[in-house]
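Understanding the architecture of this molecule
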Amino acid sequence: QVQLVESGGGLVQAGGSLRLSCAASGSIVSIYSMGWYRQAPGKQRELVASITPRSYTNYADSVKDRFTISRDNAKNTVYLEMNSLKPEDTAVYYCYEQFFTGRNITSTWGQGTQVTVSS
């Protein structure tokens, strides 16, 4: 079973930066995509960024040009570099992986890391 552990969250002032990390461990699987969701109180879960094994990336419009997703396959880790942070970015950030299980795609999430941006 794949397990994901996020780290790097914390408190930061508006305009600052944070780098989130997501370390994956467990059985070897065929990855379909990986990335980050976030969820703030009173809001729906939002897909922030995703990346495929071929390094195709996608970003939510709200974070485009501010966030960068990357991965280090050798370390089984995906990163989210967050720059020019805004109070609206405050949320719990969850790392996810989508992987093939037979002909299906299964998703796994980490426990989340809190990001709080002060005004």
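Residues numbered from 1 in each chain as written. Predicted model: local features only at pLDDT ≥ 70, side-chain atom pairs only at ≥ 80, totals over all residues. Heavy atoms only, no water.

A few words now on a nonpolar patch on the surface. Residues Tyr32, Phe100 and Ile105 make up a contiguous nonpolar surface patch of roughly 280 Å² in combined accessible area. The class for Ile105 is partly exposed, based on a relative accessible area of 41%. (Patch = residues over 30% accessible without salt bridge, like charges linked within 9 Å, V, L, I, M, F, W, Y side chains within 5 Å. Areas by Shrake-Rupley, 256 points an atom, 1.4 Å probe, with all protein chains shown as cover. Salt bridge = Lys/Arg side-chain N within 4 Å of Asp/Glu carboxyl O. Buried < 20%, exposed > 50% of the residue type's maximum accessible area, 1.4 Å probe, protein only.)

Attention now moves to the sheet that holds strand E8 (residues 77-82). Strand order in the open sheet formed by 4 strands is E1-E3-E8-E7, and the pairing between neighbours is antiparallel. The sheet terminates laterally at strand E1 (3-7) and strand E7 (67-72), the two strands that pair on one side only. The mean angle between the axes of side-by-side strands here comes to 15 degrees, regardless of whether they run parallel or antiparallel. When E7 meets E8, the two strands line up antiparallel, connected through 6 bridges. If you follow Thr68 over to E8, its bridge partner there is Glu81. (Pairing = 2+ DSSP bridges. Helix = DSSP H or I, 4+ residues; strand = E, 2+ residues; numbered from the N terminus. Axes fitted to C-alpha atoms, helices over the stretch in contact; angles between N-to-C directions.)

A few words now on the nonpolar core. Judged by nonpolar contacts, the single largest core of 27 residues is most densely connected at Trp36, Val48, Phe67, Val78, Leu80, Met82 and Tyr93. Looking at this core, the elements that each hand over two or more residues are strand E3 (18-25), strand E4 (30-39), strand E5 (46-51), E7, E8, strand E9 (91-101) and strand E11 (113-118). Setting aside anything within four residues of it in sequence, one finds Leu80 in contact with Leu18, Arg19, Leu20, Trp36, Val48, Ala49, Phe67, Thr68, Ile69 and Tyr93. (Core = buried A, V, L, I, M, F, W, Y, C linked by side-chain atoms within 4.5 Å. Contact = heavy atoms within 4.5 Å.)

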